[in-house]
Amino acid sequence: MANVSHTRGDITSHPDVSEMRARYDRVLGGRDVALVDGPVFLLGLYCAVSPWILHYTTNQPALAAHNLILGIAIAALALGFTMVPERMYGLSWAICAMGAWLIISPWVVGTSPDAGVVINSIIMGALAVVLGAVCAATATRSTRA
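Report follows, based on the coordinates. Bear in mind that the values here come from a model prediction, so they are computed numbers and not experimental data.

## What about the packing of helix H3 (residues 61–83) against helix H5 (residues 92–108)?
- Viewed as axis vectors pointing N to C, H3 and H5 meet at an angle of 165 degrees, and their least axial separation amounts to 11 Å. Here H3 lies roughly antiparallel to H5, going by the angle between them. The handedness of the crossing between H3 and H5 comes out as left-handed. In this structure, H3 uses Leu-63, His-66, Asn-67, Leu-70, Ala-73, Ile-74, Leu-77 and Phe-81 to contact H5, whose residues at the interface are Ser-92, Ala-94, Ile-95, Met-98, Trp-101, Leu-102, Ser-105 and Pro-106.
- Here the residues of the contact of H3 with H5 sort into 12 nonpolar, four polar and no charged.

## Side note on unusual backbone geometry
- The residue His-55 is not glycine, and still its phi comes out positive at about 55 degrees.
- Mapping His-55 onto the fold places it in the loop between helix H2 (34–53) and H3.
- You will see that Ser-112, though not glycine, has its phi angle at about 45 degrees, which is positive.
- In this fold, Ser-112 is placed in the loop between H5 and helix H6 (115–144).
- Ser-112 gets classed as exposed once you look at its relative accessible area, which sits at 70%.

## Here we look at H5
- With 17 residues, H5 should reach 24 Å at 1.5 Å per residue; the first-to-last C-alpha distance of 24 Å fits that figure.
- At Leu-102, H5 is bent by approximately 35 degrees, the largest bend along its length, and proline Pro-106 sits one to four residues beyond.
- All of the buried residues along H5 are Ser-92, Ile-95, Cys-96, Met-98, Gly-99, Leu-102, Ser-105 and Pro-106.

Definitions and limits used
Residues numbered from 1 in each chain as written. Predicted model: local features only at pLDDT ≥ 70, side-chain atom pairs only at ≥ 80, totals over all residues. Heavy atoms only, no water. Axes fitted to C-alpha atoms, helices over the stretch in contact; angles between N-to-C directions. Helix = DSSP H or I, 4+ residues; strand = E, 2+ residues; numbered from the N terminus. Parallel < 35°, antiparallel > 145°, perpendicular 65-115°, else oblique. Left-handed = near helix turned anticlockwise from the far one by under 90°. Contact = heavy atoms within 4.5 Å. Nonpolar A, V, L, I, M, F, W, Y, C, P; charged D, E, K, R; others polar. Buried < 20%, exposed > 50% of the residue type's maximum accessible area, 1.4 Å probe, protein only. Expected span 1.5 Å × (residues − 1). Bend = angle between axes of the 7 residues up to and from the residue.

Keep in mind these numbers describe shape, not what the thing actually does.
Structure below.
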């Protein structure tokens, strides 16, 4: 019978332990923003499907397509932040710009939008601006450290 309670020794004697620790620190060094990646992704998904949730696909088709494309772009940025954070956090400010565009888009892209569409866009845009600013501030702080 095998002795499964036997524990292996720790890896401190491994010849590559310093390299593994350095790589681990490098990969996880900028992960302070990891708490924001999920909400940004969910915001992008909601932005993409909001025309169907709020049922304005028939009376605002241009705005529905606009929100779908912008939502997919926000979600793709969030996935990029999660997968390759050291390369993507320079784009954190792009989410702020997308949020500002979301706030004004009902009047630019839409045709006489009703109050529900306007409020939805303003809330999504404000959330995008706030989450993008948090991402950018955290990324700036972690690159300086």
